[in-house]
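# Observations on chain architecture
Next come the chains, spelled out residue by residue.
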Amino acid sequence: MRFALPFKGGQRKGPSDVIGLDFATTALKAVRMKKTKEGLLVTGVAALPAIPLEVSEESEKPGLSLPKNLLTNYAALTISGDGSSVRILSLQGASAAQIDDEHVREHVGLGQDYRVGYAVALAGRGKQETKLLVVGLPEKEAQSVLSLVAVGAPAPCALEIAGLSTLSAFLYGPGKAHEQDAVAVIDAGARLTFMALFNKGVLVLVRKFDLGTESIVTKVQQQLNVDRDTARGIISDGSFDISQSVRAVMDPFLRQLTISKDFVERREDCRVKKCYLSGGASLLRYSIDEIRGATGVETAMWNPFGDLRMADGAYPADLAGQEPRFAAAVGACLGVLAE
């Protein structure tokens, strides 16, 4: 399943070599992937300086500059999607073939200033419901990243929301082992957190929260009376017990996660077996502990490269242990190459 936004342009034939670019708050995360006779192959990975997408009209946006080993003709782009709308839409008695863009746009109430895309989560038969995952992104946000690749290589061939690209990577990887289970997937970035619940491979719930590691940084600043850079250092090196700060920030999200889990278990008559965590927050031991404690479910971060072939030297040694940060970039590549 691919959770992409509509994209006009690109080439008639799908590319066999693509770079996934995740324009995150803290870094531009890049993954280059090729389609070979032996299957998909990751040929390069990098964490580059972040490119701010929100700039004033007076300031000049930095250009996109990629190392030679990552440069290719086509790019699959992901952005955080601060102003995005994500929901599951149930349509009674409508088959997937009867649904079109305008039909979906009417039901979710998004105007023409939004780029709206959807994927069929469950195709209904007869009078059964057809369930769609619908995502809307303000056109202004879409253009803020498309303008970076308007000229020259790489040319954009896809545009997605990072939290949803992560779901594509999950289904290609750990999701294969849970085709008969109920599992949760959480992608926690700097400013946003996406939560999804699958049952037997079907997406049954998805939510977006204005919560991320930057909220934890702010809380640590207040708790320890330090500047922002020092707070980030404390979080990354674990030199202080910041469990109270993490708990205070995450508590509203944890309550909603628990409610969502209980709701899905009752409605689907299932039990959530495991929770998979990706994104920057997955590297915080406290985050994993809090989620496990709130839900009573086994919780672990996952490596999006775990089910992929890696070329020699593709993954930099200095990024060891940070693999979960690249889930969205991996998912963007898979959305193009593994369709």
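One can find the structure itself at the top, above this paragraph.
The structure reproduced in this document is the subject of the present report. Here the structure is a predicted model, which means the values were calculated and not measured.

The rules behind each value
- Residues numbered from 1 in each chain as written.
- Predicted model: local features only at pLDDT ≥ 70, side-chain atom pairs only at ≥ 80, totals over all residues.
- Heavy atoms only, no water.
- Phe/Tyr/Trp six-rings, centres within 6.5 Å; stacked < 30°, edge-to-face > 60°.
- Helix = DSSP H or I, 4+ residues; strand = E, 2+ residues; numbered from the N terminus.
- Buried < 20%, exposed > 50% of the residue type's maximum accessible area, 1.4 Å probe, protein only.
- Lys NZ or Arg CZ within 6 Å of the ring centre and 35° of its normal.
- Polar contact = N/O pair within 3.5 Å; in protein donor to acceptor, adjacent residues only side chain to side chain.
- Axes fitted to C-alpha atoms, helices over the stretch in contact; angles between N-to-C directions.
- Parallel < 35°, antiparallel > 145°, perpendicular 65-115°, else oblique.
- Contact = heavy atoms within 4.5 Å.
- Nonpolar A, V, L, I, M, F, W, Y, C, P; charged D, E, K, R; others polar.
- Pairing = 2+ DSSP bridges.
- Arc of directions from axis to C-beta.
- Core = buried A, V, L, I, M, F, W, Y, C linked by side-chain atoms within 4.5 Å.

So, about the packing of aromatic side chains. One pass over the structure, following the stated rule, counts seven aromatic pairs. Judged by centre distance (5.0 Å) and plane angle (85°), the rings of Phe209 and Phe253 are edge-to-face. On the criterion of sequence distance, the pair formed by Phe209 in strand S11 (residues 202-209) and Phe253 in helix H6 (residues 243-268) is long-range, its members being 44 residues apart. Under the relative-accessibility criterion, Phe209 is labelled buried at 10%. The exposure class assigned to Phe253 is buried, which follows from its relative accessible area of 3%. Through a chain of ring-to-ring contacts, three or more aromatic side chains come together here, namely Phe170, Phe198, Tyr276 and Trp302. Sitting over the face of the ring of Tyr172, Lys176 holds its NZ or CZ atom 4.3 Å from the ring centroid.

In this structure, Arg115 sits in strand S6 (residues 114-122). By relative accessible area, Arg115 is classed as buried at 13%. Reaching out from Arg115, the side chain makes a polar contact with the side chain of Glu139 at a distance of 2.6 Å.

Attention now goes to the packing of helix H4 (residues 213-224) against helix H5 (residues 228-237). At a minimum axis distance of 9 Å, the contact between H4 and H5 shows a crossing angle of 105°. It follows from the interaxial angle that H4 and H5 lie roughly perpendicular. Of H5, the residues touching H4 (which contributes Glu214, Ile216, Val217, Thr218, Val220, Gln221 and Leu224) are Arg228, Ala231, Arg232, Ile234 and Ile235. Each residue belonging to the contact of H4 with H5 can be placed in one class, and the counts come to seven nonpolar, two polar and three charged.

Across the sheet, three strands lie side by side as S5-S7-S6; this open sheet has antiparallel pairing. A single partner strand is all that each edge strand has here, and the edge strands are strand S5 (85-92) and S6. Strand-to-strand twist in this sheet, taken as the mean axis angle between neighbours without regard to direction, amounts to 25°. Here eight bridges tie S5 to strand S7 (residues 129-138), and the two strands are oriented antiparallel to one another. Paired with Leu89 across the bridge in S7 is Leu132. Packed onto the sheet, helix H1 (residues 101-108) meets S5, S6 and S7 and runs at close to 110° relative to S5. In this fold helix H2 (residues 139-146) packs onto S6 and S7, with an angle of close to 65° to the strand it touches most, S7.

Looking now at unusual backbone geometry. For the peptide bond that leads from Ala153 to Pro154, omega is 0°, which places it in the cis range. Counting through the fold element by element, Pro154 comes out in the loop between H2 and strand S8 (155-161). A positive phi angle, close to 55°, is found at Lys200, a residue other than glycine. Of note, Asn225 is a non-glycine position whose phi angle comes to about 55°, a positive value. Residue placement: Asn225 occurs in the loop between H4 and H5.

Because each turn of an α-helix spans 3.6 residues, side chains separated by three or four positions in sequence point in the same direction. Residues of H1 that are buried include every one of Val104, Arg105 and Val108, and no others. Projection of H1 onto a plane perpendicular to its axis shows the buried side chains occupying an angular sector of 100°, all on one side. Tucked into the core, H1 has its buried residues touching S5, S6 and S7. Where H1 ends, the next residue or the one after it, Gly109, has phi of about 70°, a positive value.

This next bit is on the nonpolar core. One finds Leu21, Phe23, Val31, Met33, Leu77 and Leu164 to be the most contacted residues of the largest nonpolar core, which totals 63 residues. Here this core gets eight residues from one element, more than from any other, and that element is helix H8 (residues 327-337). Grouped together as the second largest cluster of nonpolar side chains are 32 residues, Leu211, Met250, Cys275 and Tyr286 included.

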